Amino acid sequence: MRTVALTALAPLAWGSTYAVTTELLPADRPLLTATLRALPAGLVLLAVTRRLPSGSWWWRSAVLGTLNIGVFFALLFVAAYRLPGGVAAVLGAIQPLLAAGLAVPLLGERFGRRALLAGTVGVFGVALVVLRATARLDAIGVLAGLAGAGAMAAGTVLTKRWGRPDGVGPLALTGWQLTAGGLLLLPVAALVEGAPPALSGTNLLGYAYLAVANTALAYWVWFRGIGRLPATSVAFLGLLSPVSAAVIGWAALGQSLNAVQLLGMALALSSTLLGQRPAGRPATTVVAASDAGSIANASTTTAPALSAPTAPAAPTAATSSIPTATTPAGPASALPLAAIREGEARGADLPQGG
């Protein structure tokens, strides 16, 4: 249970993206924000782990980074601009069902009725939390939102199919993908948005939070959970993101919460619990999770919302043939840098208790 609680910190942190973006960052620069969130975090992780891809993992990392970061971000931002934030968040919430469907032909996994029920209840709950009566639909925005969810789902399934190379831990794999996605976004942001504006101290603080706490550390926690829990159990924790976004909007931005939204939160939390599987049982569904729900409250303001990429699902101990070393220890955030590098050099998941 402690492992589940620690892993849940990642989507809870992703839920803060909307508030940070609208309150601390310059307006109308979603691609610049995406680039500064992904690329610096990826480069820092490369420096910490001191590992680069080798062999086929050069192109595999590029493919995964493109799907999970580059393409996903770009399409999601199109949806965020052309749709109310609530509609965009609901489109992001269907990622679990899309990934589960892709896992059938690509991984030979069975799509169980429990996962279908949990995914359906989760989408309905998120819709109650974030949708407004004034929500409008735009064909291009809807297609972009669906395509972005599909790209993230495909990236998640391919991540599980390919696993990790021997001797490489989840932190290094995350760094490879963030760097690849950030390098893809960099020229796109420059072409579409032009030169970046002058940044204030508040802007720099917001970017630092997104890159460090909301990306590098959140993905670290997320991959630890994926390495120790069934993929389905971890994935359904992603439904906590829109719930977190709604609560932060109420507490920090003065937005209201009505009875319908509270009901939606209860359904989303129920879906999260329903999606948990006993640690000893093999996972039968691969599900993507993201903080697309962080744009949940964008329909109440004109500022576009920023979403974070979904952390790609690594193979669980029940389904992967790649050896994973485990060492009982305290929370990973307390580990010294040398221990992190040593664990990554062995290809081990970061140690944790419980």
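First, a word on scope: everything that follows refers to the structure included in this document. Source: prediction; values computed, not measured.

1. Digging into the overall build of the protein chain
Move 1: Along the protein chain, the regular secondary structure elements total 14 helices and zero strands.
Move 2: Listing each helix as α and each strand as β along the protein chain from the N terminus yields α-α-α-α-α-α-α-α-α-α-α-α-α-α.
Move 3: For the protein chain, buried positions account for 58% of its 354 residues.
Move 4: Restricting the contact set of the protein chain to residue pairs at least 6 apart, pairs at least 24 apart contribute 88%.
Move 5: Just so you have it, the protein chain exposes about 13,700 Å², and 69% of that area is on carbon and sulfur atoms.

2. Side note on the nonpolar core
Move 1: Core analysis: the biggest nonpolar cluster contains 28 residues, and W14, F73, L178, L185, W222 and L237 have the highest contact counts within it.
Move 2: Those elements that provide at least two residues to this core are α1 (2-14), α3 (30-49), α4 (57-82), α9 (170-193) and α10 (201-228).
Move 3: Per-element tally for this core: the top contributor is α3, with six residues.
Move 4: Excluding residues within four positions of it along the chain, L178 makes contact with A38, L39, A41, G42, L45, I69, T215 and Y219.
Move 5: Formed by 16 residues, the second largest nonpolar core is a distinct cluster that contains V90, V126, V243 and A246.

3. Focus on the packing of helix α12 (residues 240-252) against helix α13 (residues 259-274)
Move 1: In contact at an axis separation of 9 Å, α12 and α13 are set at 150° when each is read in the N-to-C sense. Classified by the angle between their axes, α12 and α13 sit roughly antiparallel to one another. In this structure, α12 meets α13 at a crossing whose hand is left-handed. Judged by residue contacts, L240, V243, A246 and V247 of α12 engage M265, A268, L269 and T272 from α13.
Move 2: Classifying every residue of the contact of α12 with α13 gives seven nonpolar, one polar and no charged.

4. Looking at the environment of D28
Move 1: Along the chain, the position of D28 falls in the loop between α2 (17-24) and α3.
Move 2: Given a relative accessible area of 53%, D28 falls into the exposed group.

5. Structural notes on unusual backbone geometry
Leave glycine aside and you will find that most residues have negative phi; peptide bonds, for their part, are mostly trans.
Move 1: A positive phi is found at R50, a non-glycine position, where the angle reads about 55°.
Move 2: For R50, the position within the fold is in the loop between α3 and α4.

6. Looking at the side chain of T272
Move 1: Its place among the elements puts T272 in helix α13.
Move 2: Look past the residues within four positions of T272 in its chain and what remains in contact with it is F236, L237, L239 and L240.

7. Considering the packing of aromatic side chains
Move 1: For the structure on display, the rule yields three aromatic pairs.
Move 2: Aromatic pair W59 and W162: ring centres 5.4 Å apart, planes at 80°, arrangement edge-to-face. On the criterion of sequence distance, the pair formed by W59 in helix α4 and W162 in helix α8 (residues 139-162) is long-range, its members being 103 residues apart.
Move 3: Against the face of W57 rests R60, its NZ or CZ located 5.4 Å from the ring centre.

8. Quick look at the environment of L217
Move 1: Its place among the elements puts L217 in helix α10.
Move 2: C-alpha separation for the pair L217 and A41, spaced 176 residues apart in sequence, amounts to 9.1 Å.

Conventions used here
Residues numbered from 1 in each chain as written. Predicted model: local features only at pLDDT ≥ 70, side-chain atom pairs only at ≥ 80, totals over all residues. Heavy atoms only, no water. Helix = DSSP H or I, 4+ residues; strand = E, 2+ residues; numbered from the N terminus. Buried < 20%, exposed > 50% of the residue type's maximum accessible area, 1.4 Å probe, protein only. Contact = heavy atoms within 4.5 Å. Areas by Shrake-Rupley, 256 points an atom, 1.4 Å probe, with all protein chains shown as cover. Core = buried A, V, L, I, M, F, W, Y, C linked by side-chain atoms within 4.5 Å. Axes fitted to C-alpha atoms, helices over the stretch in contact; angles between N-to-C directions. Parallel < 35°, antiparallel > 145°, perpendicular 65-115°, else oblique. Left-handed = near helix turned anticlockwise from the far one by under 90°. Nonpolar A, V, L, I, M, F, W, Y, C, P; charged D, E, K, R; others polar. Phe/Tyr/Trp six-rings, centres within 6.5 Å; stacked < 30°, edge-to-face > 60°. Lys NZ or Arg CZ within 6 Å of the ring centre and 35° of its normal.

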